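Residue strings, one per chain:
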Amino acid sequence: MDDSAIQVEHASKKFKLRHGGSRTLKAMVLDYVRHRDSAVNREFWALKDVCFEVKKGETLGIIGANGAGKSTLLALISGTMEPTVGSIRTSGSMSSLLELGAGFHPELTGRENVFLYGAIMGLSRKQMKERLEAIVEFSELSKWIDEPVKHYSSGMYIRLGFAVAVEVDPEILLIDEVLAVGDASFQRKCLDRMKDFKTRKKTMLIISHDLPTIMAVSDRILFLEQGCVHGIGTPSGMVEEYHEFVRRKQALGAKRVWGTQEAVIEGVELSNGAGVRTDMFKSGETLMAKICYKTTRPIERPVFGFAISDLNGKVVYGNNTQIEKVIVPRIENAGEMILRIEKMSAAQGSYMLSFSIHSEDHLTNYCRLENTLEIKVTSDAQFEGCYMPCVWRQEAGRP
Amino acid sequence: MNDNLSRMWKALADIDKHRDLLAIMVGRNLKIRYKRSVLGFFWSLLNPLFFILIYAVFLKILKCYKAGDQLFLPMLVTGVITWQFLAMCLNDSLYSILGNANLVTKAVFPRIILPLSMAIGNLVNFLFSILIILCYVIVLKIGHFAPVSFVFLGLLPLAVATHFALCLGLGLILCCLNVFFRDTEHILSVGLLAWFFLTPVIYYLSDIPAEYQRLAFLNPMTGIITTYRSAFLGVGIMAPRLVFLSFAIAWGICIAGIAFFQRVQKRFVDEF
């Protein structure tokens, strides 16, 4: 028996980005005459070679930054869009509404829109009539159901949308960011209904930025990053990776190069104790950094410094030649400065390195490279922060 | 060819499966059109009535209205009202996809339902207009105002069906073009105006120079309006073969429209 509800195989989706809005016949004729295509500005792959499978009865959460391709993926699965490359197979009826309340016509009443919704999902009038009462009850709109939906508040709109989507009771439910709307009590109702879906062995795909909720509901989580599958796995594992990803992005955002340019750090080469170039280190091993600099004029008694920060931007360790009482008498033209950290004992994780050349009195910064290099540190021990050799000893018990 | 045929069958099967949706969409279109205006449905009658009035006055001033021609006004009424169906239907169809962009991008259902429901909504409207024409012609007959006879009334369903097929076919093509080229609207308004004067709507077919009369039947609307006039006024059809040619072209456009629509509909979402 085939127990997969959704199979996505090497799906990619390309969009053509057009500048200047929509295309006109005039533009097309002119392009034809000039043998060019002005309308298509550039191409953009919203999804790249995405593969995964969802089993029947499974709940898959989809997370990722804005623009990672989450909604495009859902559109491909629902069938409103077709993949440019690859294939998608689904089995079982699917709630085909990607956005709650999309398709509601403002001039029609709530009741009329419910029937329109049902018909789009392929239900007959009779089937919808049977469900109407439950929909009205769930959405708490009994007083409003015969009013045109243009008079509804946005919360009422979403409530009606969600009520219809779940009452239609499809085999596969696709939900794009519903949990962000509605008040707390309605959110709880939605969650209850989703849990009910789960117990009845229905398949669900949920997109949300609300990480705690998606962790609680999902069996597995798919983490999309710039159109590619970053990973798929346990909710806690994936959310942890996502947090790490967000932190790294912020850290990279803190990357900055500045200074008077009288001395410039042209490059930093990282290597391990054996002299092999790498950016992966084991905690407690040696880290060597070769700082290549160039000057525009001779500089007397400069100070070389460095700092190691975690992805939250917090400095874990920082030091310089002045503190270590190493005097660099003078630098001119080009040269190299070697830094050797004998025991780089940071905890496991990713770190950003900063380097600087500044004056003895700290008033002139010749060159500062802030958070420009990333290193990964692995460790067997589970300590936090920086390792400091320590000894534990139990005293004899007191009487 | 085989490919197109299977597409056609799929379109028909899709429509059959979504009958309820089609019915609701037709109702929705009619309801939205008349919900906001006080006079409601009567606008769709008043509109052609004003046109008829204007044409009648001007044709009289221009002396195209031959004295003693009792059939002139009924000729004008059938012409303008039946033309109105085509014009309104095409204008409505133009935005049947773009105007429902939120549905097209967010929901899965046979796209053909959208323009089809527009065409059917207009057809319902038109059927009421036909009743009005019939009442008018009956009054003429009872009052002996014009030599009207009903011997050819049996042609009416055939004319309506062909007329509808033409409207649907063109509407399907137009709504697609409008998705890809947003200036289709301007082309349509100019095209409709030219077509209006190329079709014997406000004149008799016999007003066309004799050597061009046969050619005029390449325009499907010529055959359709000729048949309407025959049905309502009881004038015999001069050239049944040419009318048949007109009808065949109309049905050909309908089939081509469905095939074209089914072919390009998958690309709609990428265009929004």
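Just so we're clear, the structure is a prediction, and the values are computed from it rather than from any experiment.

A few points about the overall build of chain B
1) Next: Helix and strand counts for chain B stand at 12 helices and 0 strands.
2) Next: Counted from the first residue to the last, chain B has its helices and strands arranged as α-α-α-α-α-α-α-α-α-α-α-α.
3) Next: For chain B, whose C-alpha radius of gyration is 19 Å, the value lies close to the compact-globule estimate of 19 Å for 272 residues.
4) Next: Dimensions of chain B along its principal axes, counting C-alpha atoms only, are 60 × 45 × 35 Å.
5) Next: Of all 272 residues assigned to chain B, the portion counted as buried reaches 40%.
6) Next: Here the analysis covers contacts within chain B between residues at least 6 apart in sequence; of these, 79% occur between residues at least 24 apart.

So, the overall build of chain A
1) Next: In terms of helices and strands, chain A carries 8 helices and 19 strands.
2) Next: The globule rule puts the C-alpha radius of gyration for 399 residues at 21 Å, and the 30 Å found for chain A is more than 25% above it.
3) Next: Once the C-alpha set of chain A is aligned to its principal axes, its extents read approximately 95 × 90 × 45 Å.
4) Next: Out of the 399 residues belonging to chain A, those deemed buried represent 32%.
5) Next: Within chain A, counting contacts between residues at least 6 apart in sequence, those at least 24 apart form 73% of the total.

Quick notes on the sheet that holds strand S10 (residues 263–272) of chain A
Residue and element names in this part refer to chain A.
1) Next: If you walk across this open sheet you meet the 3 strands as S10-S12-S17, and the pairing is antiparallel. Both outer strands of the open sheet, S10 and strand S17 (334–344), are each paired with one neighbouring strand and no more. Averaged over neighbouring strand pairs, the angle between their axes works out to 20 degrees when direction is ignored.
2) Next: Sheet topology note: the strand S12 (residues 285–295)/S17 ladder contains 9 bridges and is antiparallel. What sits directly across from Ala 289, in S17, is Leu 339.

Observations regarding the nonpolar core
1) Next: Core analysis: the largest hydrophobic core is formed by 136 residues, its most contacted members being Ile62(A), Leu205(A), Leu90(B) and Cys167(B).
2) Next: Here this core takes 14 residues from helix H7 (residues 156–180) of chain B, the largest share from any one element.
3) Next: Leaving out residues up to four positions away in the same chain, Leu205(A) has contacts with Val54(A), Leu60(A), Ile62(A), Leu74(A), Ile77(A) and Leu174(A).
4) Next: In terms of nonpolar packing, the next biggest core, distinct from the first, is built from 22 residues, Ile265(A), Phe281(A), Met288(A) and Ile357(A) among them.

Looking at the packing of H7(B) against helix H11 (residues 240–264) of chain B
Residue and element names in this part refer to chain B.
1) Next: One can describe the packing of H7 onto H11 by two numbers: an axis separation of 7 Å at closest approach and a directional angle of 35 degrees. The handedness of the crossing between H7 and H11 comes out as left-handed. From H7, Thr 162, Ala 165, Leu 166, Leu 168, Gly 169, Leu 170, Leu 172, Ile 173 and Cys 176 reach across to H11, where they touch Phe 247, Ala 250, Trp 251, Ile 253, Cys 254, Ala 256, Gly 257, Ile 258, Phe 260, Phe 261 and Val 264.
2) Next: Split by residue class, the contact of H7 with H11 holds 17 nonpolar, 3 polar and no charged.

Section: the pairing of strand S6 (residues 203–207) of chain A
All names here are of chain A.
1) Next: Within S6, 5 of the 5 residues are buried, leaving the element largely enclosed by the surrounding structure.
2) Next: Of the two faces of S6, the one carrying Thr 203, Leu 205 and Ile 207 and the one carrying Met 204 and Ile 206 are both buried.
3) Next: Bridge count for strand S3 (residues 59–63) against S6 is 4 bridges, and the pairing is parallel. Bridge assignment links Leu 60 to a residue of S6, and that residue is Leu 205.

Considerations on helix H4 (residues 125–139) of chain A
Residues and elements named next belong to chain A.
1) Next: Taking 1.5 Å per residue as the helical rise, H4 with its 15 residues ought to reach 21 Å, and the 20 Å between its terminal C-alpha atoms agrees with that figure.
2) Next: Of all the bends in H4, the largest measures some 40 degrees and sits at Arg 131.
3) Next: Among the residues of H4, Met 128, Ile 135, Val 136, Phe 138 and Ser 139 are the ones counted as buried.
4) Next: Looking at the packing, one finds that the buried side of H4 touches helix H3 (110–120) and helix H5 (154–167).
5) Next: Among the residues trailing H4, Glu 140 stands out with phi positive, at a value near 55 degrees.

Focus on H3(A)
1) Next: The element H3(A) is extensively covered by neighbouring structure, given that 10 of its 11 residues are classed as buried.
2) Next: Of all the positions in H3(A), only Gly110(A), Glu112(A), Asn113(A), Val114(A), Phe115(A), Leu116(A), Tyr117(A), Gly118(A), Ala119(A) and Ile120(A) are classed as buried.

Focus: the domain arrangement of chain A
For interface size, the figure often reported is the accessible area lost on association.
1) Next: Considered domain by domain, chain A is made up of domain 1 (4–95 + 170–249) and domain 2 (256–378).
2) Next: Just the C-alpha atoms count here: the centres of domain 1 of chain A and domain 2 of chain A sit 42 Å apart.

Observations concerning the sheet that holds S3(A)
What links the strands of a sheet is backbone hydrogen bonding, and the strands pair in either a parallel or an antiparallel sense.
All names here are of chain A.
1) Next: Here we have 5 strands laid out as an open sheet, ordered S5-S6-S3-S7-S8, and mixed in their pairing. Each of the sheet's edge strands pairs with one partner strand only, and the pair in question is strand S5 (172–176) and strand S8 (228–233). Neighbour-to-neighbour, the strand axes of the sheet open up by a mean angle of 15 degrees, direction not taken into account.
2) Next: Examined bridge by bridge, strand S7 (residues 220–225) and S8 share 5 bridges and lie antiparallel to one another. Of the residues in S8, the one forming a bridge with Ile 221 is Gly 233.

A word on unusual backbone geometry
All names here are of chain A.
1) Next: Of note in this structure, Glu 140 is not a glycine but carries a positive phi near 55 degrees.
2) Next: Position of Glu 140 among the secondary structure elements: in the loop between H4 and H5.
3) Next: Look at Glu 140 and you get partly exposed, because 15 C-beta atoms sit within 10 Å.

Notes on the packing of helix H4 (residues 72–94) of chain B against helix H10 (residues 220–233) of chain B
Residue and element names in this part refer to chain B.
1) Next: At their nearest, the axes of H4 and H10 sit 10 Å apart, and the two run at 135 degrees to each other. Comparing their axes, H10 and H4 come out oblique. The element H4 and its partner H10 pack so that their crossing is right-handed. Counted together, Pro 74, Met 75, Thr 78, Gly 79, Thr 82 and Leu 86 of H4 and Met 221, Ile 225, Tyr 228, Arg 229, Phe 232 and Leu 233 of H10 form the full contact between these two elements.
2) Next: Classifying every residue of the contact of H4 with H10 gives 8 nonpolar, 3 polar and 1 charged.

Examining the pairing of strand S14 (residues 303–310) of chain A
All names here are of chain A.
1) Next: Bridge count between S14 and strand S18 (residues 349–358): 8 bridges; the pairing is antiparallel. Counted as the bridge partner of Ser 309 is Met 352 from S18.
2) Next: Turn length for the S14-strand S15 (residues 315–320) hairpin, with the two strands adjacent in sequence and antiparallel, is 4 residues, and the turn residue Gly 313 shows positive phi of about 90 degrees.

The rules behind these values
Residues numbered from 1 in each chain as written. Chains lettered and ligands numbered in written order. Predicted model: local features only at pLDDT ≥ 70, side-chain atom pairs only at ≥ 80, totals over all residues. Helix = DSSP H or I, 4+ residues; strand = E, 2+ residues; numbered from the N terminus. Rg over C-alpha atoms; globule rule 2.2 N^0.38 Å. Buried ≥ 20, exposed ≤ 12 C-beta atoms within 10 Å, placed from the backbone. Contact = placed C-beta atoms within 7 Å. Pairing = 2+ DSSP bridges. Axes fitted to C-alpha atoms, helices over the stretch in contact; angles between N-to-C directions. Core = buried A, V, L, I, M, F, W, Y, C linked by C-beta atoms within 7 Å. Left-handed = near helix turned anticlockwise from the far one by under 90°. Nonpolar A, V, L, I, M, F, W, Y, C, P; charged D, E, K, R; others polar. Expected span 1.5 Å × (residues − 1). Bend = angle between axes of the 7 residues up to and from the residue. Domains from an automatic or database assignment. Parallel < 35°, antiparallel > 145°, perpendicular 65-115°, else oblique.

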